[in-house]
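Architecture and fold: a report
Residue strings, one per chain:
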Amino acid sequence: MLTRIDHIGIACFDLDRTVEFYRSTYGFEVFHSEVNEEQGVREAMLRINGTDDGGASYLQLLEPTREDSTVAKWLAKNGEGVHHIAFGTADVDAEAADIRDKGVRVLYDEPRTGSMGSRITFLHPKDCGGVLTELVTSAAGGHR
Ligand code: MC0
């Protein structure tokens, strides 16, 4: 079961400038930041609210760390903006298998490492009405 919006990923050219925009305009503070070398991003997670299942929802600001990363490619084509949406689940493996059985392309054979030690996979945007969609299970087993 997908239980919440875990995060909305927003691609930007300058992470520090974008963090400052969200802080000064809305009052959102950085909850966590890290570099994910495999995904080619530097990211900041802004915690928006807690949810009924003990998890939380975030904005995830993403700056590419290399020119061949998926986010760099997307920024070159589209400019800054909403890059993907991520749904939280307690069991990313089971959700990915169920969704694959429905004919949607799941991009990874096995989930990879995401923000804050989570396990993540992506669904192809061309099979999801043009929306790059991520599934997330937190390091804590469903909540983060
Ligand atoms: C690409 N397309 C998108 C899109 N990215 N459509 C909607 N939203 C996006 N974000 C579209 C392109 O416009 C193109 O459409 C078609 O998909 C093929 O894209 P491409 O870039 O030409 O080709 P690919 O196949 O090399 O790459 C697309 C693909 C890739 C979705 C497979 O971006 C990918 O593997 N994404 C998943 C990983 C990712 O995005 N990581 C960054 C966030 P047309 O019509 O022109 O053919 S990492 C993250 O979020 C982690 C850290 C976390 O949450 O913890």
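Description of the structure in this document. (Residues numbered from 1 in each chain as written. Predicted model: local features only at pLDDT ≥ 70, side-chain atom pairs only at ≥ 80, totals over all residues. Heavy atoms only, no water.)

Another point: the sheet that holds strand 8 (residues 133–137). Backbone-to-backbone hydrogen bonds pair the strands of a sheet. The strands run either parallel or antiparallel. Reading across from one edge, 2-3-4-1-5-8-7-6 is the order of the 8 strands in this open sheet, with mixed pairing throughout. With one partner strand each, in any of the chains shown, strand 2 (30–36) and strand 6 (112–113) form the two edges of the open sheet. Two elements, strand 1 (residues 2–11) and strand 5 (residues 81–89), share 8 bridges in a ladder whose sense is antiparallel. The partner of glycine 9 across the bridge, within strand 5, is histidine 84. Helix 3 (residues 92–101) contacts strand 1, strand 5, strand 7 (119–123) and strand 8 of the sheet and is inclined by roughly 150° relative to strand 8. (Pairing = 2+ DSSP bridges. Helix = DSSP H or I, 4+ residues; strand = E, 2+ residues; numbered from the N terminus. Contact = heavy atoms within 4.5 Å. Axes fitted to C-alpha atoms, helices over the stretch in contact; angles between N-to-C directions.)

What follows concerns the site of the ligand. The local shell around the ligand holds 23 residues, among which Gln39, Lys77, Ser115, Lys126 and Glu134 are the closest. At 3.1 Å from an oxygen atom of the ligand is found a side-chain nitrogen or oxygen belonging to lysine 73. In this structure, histidine 83 approaches the ligand through a main-chain N or O atom, which is 2.9 Å from a nitrogen atom. Burial of the ligand by the surrounding chains reaches 73%, relative to a free accessible area of 1000 Å². Among the secondary structure elements, those contributing two or more residues to the shell around the ligand are helix 2 (70–78), strand 5 and strand 7. If one sorts the elements of the shell around the ligand by residue count, helix 2 sits on top with 5 residues. (Near = heavy atom within 4 Å. Polar contact = N/O pair within 3.5 Å; in protein donor to acceptor, adjacent residues only side chain to side chain. Areas by Shrake-Rupley, 256 points an atom, 1.4 Å probe, with all protein chains shown as cover.)

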